[in-house]
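# Close look at the chain arrangement
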Amino acid sequence: GTGGTYQGAGKVIKAARPDVKIILSEPENAALVTSGQPQERNPDGSPAATHPAFTPHPIQGWTPDFIPKNLQDGLALGLHDELVTVTGDEAIATAHDLARKEGIFTGISGGATMRAALKVASRAPQGSAILAMLPDTAERYLSTPLFAAIDADMGEEEIAISKSTPSMHLFRTR
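Before going into details, it helps to say that this report is about the structure given with it.

About the criteria used
Residue numbers restart at each chain and count upward from 1, following the sequence in its written direction. Only residues with pLDDT of at least 70 are given local features in this predicted model, and only at 80 or more are side-chain atom pairs given and counted; all residues enter the totals for whole chains, interfaces and linings. The basis for the side-chain values is all heavy atoms of the structure; hydrogens and waters are excluded. A cavity here means a set of points on a 1 Å grid, drawn over the protein atoms and nothing else, where a 1.4 Å probe fits but cannot get out; a pocket is an open set with protein on both sides within 12 Å along at least five of seven lines, and a residue lines either one if it has an atom within 4 Å of a point. Grid points are joined across faces, edges and corners, and a volume is the space filled by probe spheres set on the points. Strands here are runs of E lasting at least two residues and helices are runs of H or I lasting at least four, both read from the DSSP assignment and numbered beginning at the N terminus. Asp, Glu, Lys and Arg are counted as charged, while Ala, Val, Leu, Ile, Met, Phe, Trp, Tyr, Cys and Pro are counted as nonpolar; the rest, among them Gly, fall into the polar class. The length a helix should cover is 1.5 Å for every residue beyond the first. Buried residues are those whose accessible area, probed at 1.4 Å on protein chains only, stays under 20% of the maximum for their type, while exposed residues exceed 50% and partly exposed ones sit between those limits. The contact criterion used is simple: two residues touch if any of their non-hydrogen atoms lie within 4.5 Å. As used in this structure description, the phrase polar contact means that two N or O atoms lie within 3.5 Å; if the pair is within protein, one of them must be able to donate a hydrogen and the other to accept it, and residues adjacent in sequence are counted only when both atoms belong to side chains.

### Quick look at the layout of surface pockets
To locate leftover empty space, one rolls a probe as large as a water molecule over the atoms. The computed volume of the largest pocket comes to approximately 1500 Å³. Every residue lining the largest pocket is counted, 49 residues in all, and those nearest its centre are Ile22, Ile23, Leu24, Thr113 and Leu131. For the lining of the largest pocket, the secondary structure elements donating two or more residues are α1 (4–16), β1 (23–27), α2 (32–35), β2 (82–86) and α5 (108–121). Looking at side-chain class alone, the lining of the largest pocket contains 28 nonpolar, 14 polar and seven charged residues.

### Topic: α5
In this model α5 runs 20 Å from its N-terminal to its C-terminal C-alpha over 14 residues, within 8% of the 20 Å that 1.5 Å per residue would give. The buried fraction of α5 is high, at ten of 14 residues. Every buried residue of α5 is accounted for by Ile108, Ser109, Gly110, Gly111, Ala112, Thr113, Met114, Ala116, Ala117 and Val120. In this fold, the buried residues of α5 make contact with β1, β2 and α4 (88–102).

### Considerations on the side chain of Gln39
For Gln39, the location among the structural elements is in the loop between α2 and α3 (69–76). At 2.9 Å, the side chain of Gln39 forms a polar contact with the backbone nitrogen of Ile67. In this view, Gln39 contacts Pro47, Ala48, Ala49, His51, Phe66, Ile67 and Gln72; residues no more than four positions away in its chain are not counted.

What follows is the structure, given as C-alpha coordinates:
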(Lines give C-alpha, C1' and ligand atoms only; values in the text may rest on other atoms or scores of the structure.)
Protein backbone atom coordinates (compact mmCIF):
# COMPACT_ATOMS: atom_id res chain seq x y z
CA GLY A 1 0.00 0.00 0.00
CA THR A 2 1.09 3.52 0.74
CA GLY A 3 3.01 2.76 3.91
CA GLY A 4 0.50 4.64 6.05
CA THR A 5 -0.01 1.76 8.49
CA TYR A 6 3.73 1.17 8.66
CA GLN A 7 4.57 4.80 9.41
CA GLY A 8 1.53 5.72 11.53
CA ALA A 9 1.12 2.58 13.61
CA GLY A 10 4.86 1.91 13.54
CA LYS A 11 5.71 5.20 15.27
CA VAL A 12 3.15 4.58 18.01
CA ILE A 13 4.11 0.93 18.52
CA LYS A 14 7.86 1.64 18.62
CA ALA A 15 7.32 4.50 21.08
CA ALA A 16 5.25 2.31 23.41
CA ARG A 17 7.16 -0.94 22.91
CA PRO A 18 10.67 -0.43 21.50
CA ASP A 19 11.27 -4.19 21.81
CA VAL A 20 8.60 -4.96 19.19
CA LYS A 21 10.06 -5.89 15.82
CA ILE A 22 8.38 -4.41 12.75
CA ILE A 23 8.76 -6.45 9.59
CA LEU A 24 8.11 -4.94 6.18
CA SER A 25 7.32 -7.07 3.18
CA GLU A 26 7.22 -6.44 -0.54
CA PRO A 27 6.90 -8.48 -3.75
CA GLU A 28 10.12 -10.30 -4.62
CA ASN A 29 10.02 -9.16 -8.24
CA ALA A 30 9.16 -5.55 -7.31
CA ALA A 31 11.51 -5.11 -4.36
CA LEU A 32 11.73 -1.33 -4.45
CA VAL A 33 12.79 -0.85 -0.83
CA THR A 34 15.12 -3.85 -0.91
CA SER A 35 16.85 -2.42 -3.97
CA GLY A 36 18.16 0.55 -1.97
CA GLN A 37 17.57 2.79 -4.98
CA PRO A 38 15.97 6.14 -4.07
CA GLN A 39 12.62 7.22 -5.48
CA GLU A 40 12.91 10.20 -7.81
CA ARG A 41 10.49 12.89 -6.59
CA ASN A 42 8.94 16.12 -7.81
CA PRO A 43 9.29 19.25 -5.64
CA ASP A 44 5.86 18.52 -4.07
CA GLY A 45 7.00 15.04 -2.97
CA SER A 46 5.02 13.11 -5.57
CA PRO A 47 6.89 10.46 -7.57
CA ALA A 48 8.59 11.88 -10.65
CA ALA A 49 8.93 8.52 -12.39
CA THR A 50 8.41 4.80 -12.07
CA HIS A 51 10.90 3.33 -9.62
CA PRO A 52 13.76 1.63 -11.50
CA ALA A 53 13.35 -1.63 -9.54
CA PHE A 54 9.64 -1.99 -10.34
CA THR A 55 8.30 -4.88 -12.39
CA PRO A 56 4.64 -5.91 -12.55
CA HIS A 57 3.46 -8.38 -9.91
CA PRO A 58 0.11 -9.96 -8.96
CA ILE A 59 -0.01 -8.72 -5.34
CA GLN A 60 -2.69 -6.07 -5.73
CA GLY A 61 -2.58 -3.37 -3.11
CA TRP A 62 1.15 -3.85 -2.55
CA THR A 63 3.96 -1.90 -4.14
CA PRO A 64 2.75 0.43 -6.86
CA ASP A 65 5.41 1.47 -9.37
CA PHE A 66 6.88 3.98 -6.93
CA ILE A 67 7.78 4.31 -3.25
CA PRO A 68 4.94 6.31 -1.65
CA LYS A 69 5.96 9.34 0.39
CA ASN A 70 4.39 7.86 3.57
CA LEU A 71 6.55 4.78 3.19
CA GLN A 72 9.70 6.78 2.45
CA ASP A 73 9.11 8.92 5.54
CA GLY A 74 8.71 5.77 7.66
CA LEU A 75 11.90 4.32 6.19
CA ALA A 76 13.74 7.53 7.07
CA LEU A 77 12.62 7.06 10.69
CA GLY A 78 14.12 3.56 10.72
CA LEU A 79 10.94 1.98 12.07
CA HIS A 80 11.39 -1.49 10.62
CA ASP A 81 13.75 -4.21 11.78
CA GLU A 82 13.62 -6.46 8.75
CA LEU A 83 12.31 -6.69 5.21
CA VAL A 84 10.92 -9.96 3.81
CA THR A 85 10.08 -10.55 0.15
CA VAL A 86 7.23 -12.74 -1.08
CA THR A 87 6.62 -14.11 -4.57
CA GLY A 88 3.28 -13.79 -6.31
CA ASP A 89 2.95 -17.59 -6.38
CA GLU A 90 3.57 -17.76 -2.61
CA ALA A 91 0.96 -15.06 -2.01
CA ILE A 92 -1.69 -16.80 -4.09
CA ALA A 93 -0.96 -20.24 -2.60
CA THR A 94 -1.16 -18.84 0.93
CA ALA A 95 -4.45 -17.03 0.19
CA HIS A 96 -5.83 -20.37 -1.08
CA ASP A 97 -4.55 -22.17 2.04
CA LEU A 98 -6.13 -19.56 4.31
CA ALA A 99 -9.50 -20.07 2.62
CA ARG A 100 -9.30 -23.86 2.44
CA LYS A 101 -7.76 -24.61 5.84
CA GLU A 102 -8.71 -21.66 8.06
CA GLY A 103 -11.90 -20.25 6.51
CA ILE A 104 -10.24 -16.86 6.00
CA PHE A 105 -11.29 -15.40 2.63
CA THR A 106 -8.58 -12.84 1.90
CA GLY A 107 -7.05 -11.36 -1.21
CA ILE A 108 -3.62 -11.88 -2.71
CA SER A 109 -2.11 -9.19 -0.47
CA GLY A 110 -3.55 -10.96 2.58
CA GLY A 111 -1.92 -14.17 1.37
CA ALA A 112 1.36 -12.30 0.90
CA THR A 113 1.16 -10.79 4.37
CA MET A 114 0.48 -14.19 5.94
CA ARG A 115 3.32 -15.78 3.94
CA ALA A 116 5.71 -13.11 5.23
CA ALA A 117 4.50 -13.81 8.79
CA LEU A 118 5.02 -17.55 8.28
CA LYS A 119 8.57 -16.91 7.05
CA VAL A 120 9.26 -14.82 10.14
CA ALA A 121 7.61 -17.43 12.42
CA SER A 122 9.75 -20.22 10.97
CA ARG A 123 12.87 -18.65 12.51
CA ALA A 124 11.44 -16.74 15.46
CA PRO A 125 12.32 -17.84 19.00
CA GLN A 126 9.82 -20.25 20.52
CA GLY A 127 7.06 -18.35 22.35
CA SER A 128 7.22 -15.31 20.08
CA ALA A 129 3.96 -13.48 19.37
CA ILE A 130 3.49 -12.52 15.74
CA LEU A 131 0.75 -10.20 14.48
CA ALA A 132 -0.16 -10.06 10.80
CA MET A 133 -3.00 -7.79 9.71
CA LEU A 134 -5.09 -9.01 6.76
CA PRO A 135 -7.34 -6.00 6.09
CA ASP A 136 -8.82 -7.38 2.89
CA THR A 137 -11.46 -9.72 1.51
CA ALA A 138 -11.13 -11.93 -1.54
CA GLU A 139 -14.53 -10.96 -2.94
CA ARG A 140 -13.06 -8.09 -4.94
CA TYR A 141 -10.54 -10.43 -6.59
CA LEU A 142 -12.88 -13.01 -8.13
CA SER A 143 -11.73 -12.09 -11.66
CA THR A 144 -8.00 -12.03 -10.85
CA PRO A 145 -5.22 -14.64 -10.87
CA LEU A 146 -6.26 -15.56 -7.32
CA PHE A 147 -9.21 -17.52 -8.72
CA ALA A 148 -7.91 -18.34 -12.20
CA ALA A 149 -7.90 -22.08 -11.46
CA ILE A 150 -11.56 -22.12 -10.38
CA ASP A 151 -14.21 -22.61 -13.07
CA ALA A 152 -16.86 -19.90 -13.21
CA ASP A 153 -19.60 -22.48 -13.77
CA MET A 154 -20.56 -25.20 -11.33
CA GLY A 155 -19.63 -28.78 -12.13
CA GLU A 156 -22.06 -31.70 -11.89
CA GLU A 157 -21.09 -32.46 -8.28
CA GLU A 158 -21.66 -28.84 -7.25
CA ILE A 159 -25.02 -28.72 -9.05
CA ALA A 160 -26.11 -31.90 -7.22
CA ILE A 161 -25.11 -30.37 -3.88
CA SER A 162 -26.97 -27.13 -4.66
CA LYS A 163 -30.13 -29.10 -5.54
CA SER A 164 -30.00 -30.78 -2.13
CA THR A 165 -30.41 -27.47 -0.32
CA PRO A 166 -33.89 -26.08 0.45
CA SER A 167 -33.20 -22.69 -1.15
CA MET A 168 -32.57 -24.36 -4.51
CA HIS A 169 -36.18 -25.49 -4.65
CA LEU A 170 -37.37 -21.87 -4.87
CA PHE A 171 -35.78 -21.48 -8.29
CA ARG A 172 -36.65 -24.84 -9.85
CA THR A 173 -38.76 -24.61 -12.98
CA ARG A 174 -41.83 -26.84 -13.34
